[in-house]
Structure formats: C-alpha cells, structure tokens
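# Examination of the molecular architecture
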Amino acid sequence: AAHGLLAYIGPGIGPQAFGVGPDVYDAYTRVDATTASAFIPHGSGKWLADLPALARSALKRCGVTAIHGGALCTYSDPARFYSYRRDRVTGRMAALIWLER
C-alpha cells in the first residue's frame, strides 16, 4: 500500500481535447477494463481520453488514495499554459516531487 503518499495531478491536456486511437484505448483497457469509462468515442475508431482519470486509476491500483488536482487543461487555457497540440510551439513545465520525514 502507499500509506502516507499524496499525489497531485498537475496541468495537462484535458479530456475534451486529447484524441487517441485504438492502440491507446486497447493498451489501457487490457490492463484494467474499468478504465474504459475514461474514454469517449470520437469519430470512427477514435476516442477522447481523460488522462487525469487514467492517472487516478493507476495511482489507486498502486494504493494511493490521497489524489488531488487534474482539473487544469493546458489546451483550453491559453492565457495560463502553452500547448503544443494547440499552438504547435513548445514550452517548458516542471514537476516537483519530495519526501517529508
């Protein structure tokens, strides 16, 4: 179990903007069939994937129960975030991880 761990899902492309093909859908649902709920059909053989929901599922499978964040979409918020998918220009973001004793 992941007793004492806290996870925060930072900004990323949101579920209304992240299109994937059957390879991604199959890879996730083969590991955990319940992840199918994180995909919405979007055209022929395509899905919109909810990456924060998929991250939550993976964290829960590892025993992490204190999970926060995941609501900030880099694609739909150009005033706050760059998005290569939106603008075709790259930028940089950072993530921090630390252990308190």
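Refer to the structure above for everything that follows.
A quick note: this is a predicted structure, and the numbers were derived from the prediction, not measured.

### What to know about the overall build of the chain
A tally of regular secondary structure across the chain gives three helices and five strands. Along the chain, helices and strands appear, N-terminal first, in the series β-β-α-β-β-α-β-α. By its C-alpha atoms, the chain is 45 × 35 × 15 Å across when sized along the principal axes. Across the 101 residues of the chain, 29% fall into the buried class. Counting contacts in the chain only where the partners sit at least 6 residues apart, residues at least 24 apart contribute 55% of the total. When the accessible surface of the chain is split by element, carbon and sulfur atoms take 58% of a total near 7200 Å². Within the chain, one finds 11 positive and 7 negative side-chain charges whose respective centroids are separated by 3 Å.

### Observations regarding a nonpolar patch on the surface
Where nonpolar side chains cluster on the molecular surface, the patch consists of Tyr82, Tyr84 and Met93 and spans about 300 Å² of accessible area. Its relative accessible area of 45% is what places Tyr84 among the partly exposed residues.

### What about the environment of Ala17?
With respect to the helices and strands, the residue Ala17 is situated in the loop between β1 (6-9) and β2 (19-20). Using a relative accessible area of 15% as the deciding quantity, one classes Ala17 as buried. Each C-alpha atom, one on Ala17 and one on Asp50, is 8.9 Å from the other, the two residues being 33 residues apart in sequence. Leave out the neighbours within four places in its chain, and Ala17 touches Leu48, Tyr75 and Arg85.

### Looking at the pairing of β1
Alternating residues of β1 divide into Ala7 and Ile9, all buried, and Leu6 and Tyr8, none buried. In the sheet, β1 pairs with strand β5 (residues 66-69) via four bridges, with the strands oriented parallel. Residue pairing across strands places Ile9 opposite Gly69, the latter belonging to β5.

### Describing the nonpolar core
Ranked by size, the top nonpolar core spans 10 residues in total: Ile13, Ala17, Phe18, Val20, Ala38, Phe39, Trp47, Ala49, Ala53 and Leu54. At the level of secondary structure, the elements contributing two or more residues to this core comprise β4 (47-49) and α2 (51-61).

### Here we look at unusual backbone geometry
Positive phi, normally seen in glycine, also occurs at Arg88, with a value near 60°. With respect to the secondary-structure elements, Arg88 resides in the segment after α3 (84-87). Accessibility expressed as a relative area gives 54% for Arg88, which makes it exposed.

### As for the sheet that holds β2
Strand order in the open sheet formed by three strands is β2-β4-β3, with antiparallel pairing between adjacent strands. Two strands lie at the open edges of the sheet, namely β2 and β3 (39-41), each paired on one side alone. By the bridge criterion, two bridges tie β2 to β4 in an arrangement that is antiparallel. The residue bridging Gly19 from the neighbouring strand is Leu48, located in β4.

Cut-offs used in this document
- Residues numbered from 1 in each chain as written.
- Predicted model: local features only at pLDDT ≥ 70, side-chain atom pairs only at ≥ 80, totals over all residues.
- Heavy atoms only, no water.
- Helix = DSSP H or I, 4+ residues; strand = E, 2+ residues; numbered from the N terminus.
- Buried < 20%, exposed > 50% of the residue type's maximum accessible area, 1.4 Å probe, protein only.
- Contact = heavy atoms within 4.5 Å.
- Areas by Shrake-Rupley, 256 points an atom, 1.4 Å probe, with all protein chains shown as cover.
- Lys, Arg positive; Asp, Glu negative; His and termini not counted.
- Charge placed at Lys NZ, Arg CZ, Asp CG, Glu CD.
- Patch = residues over 30% accessible without salt bridge, like charges linked within 9 Å, V, L, I, M, F, W, Y side chains within 5 Å.
- Salt bridge = Lys/Arg side-chain N within 4 Å of Asp/Glu carboxyl O.
- Pairing = 2+ DSSP bridges.
- Core = buried A, V, L, I, M, F, W, Y, C linked by side-chain atoms within 4.5 Å.

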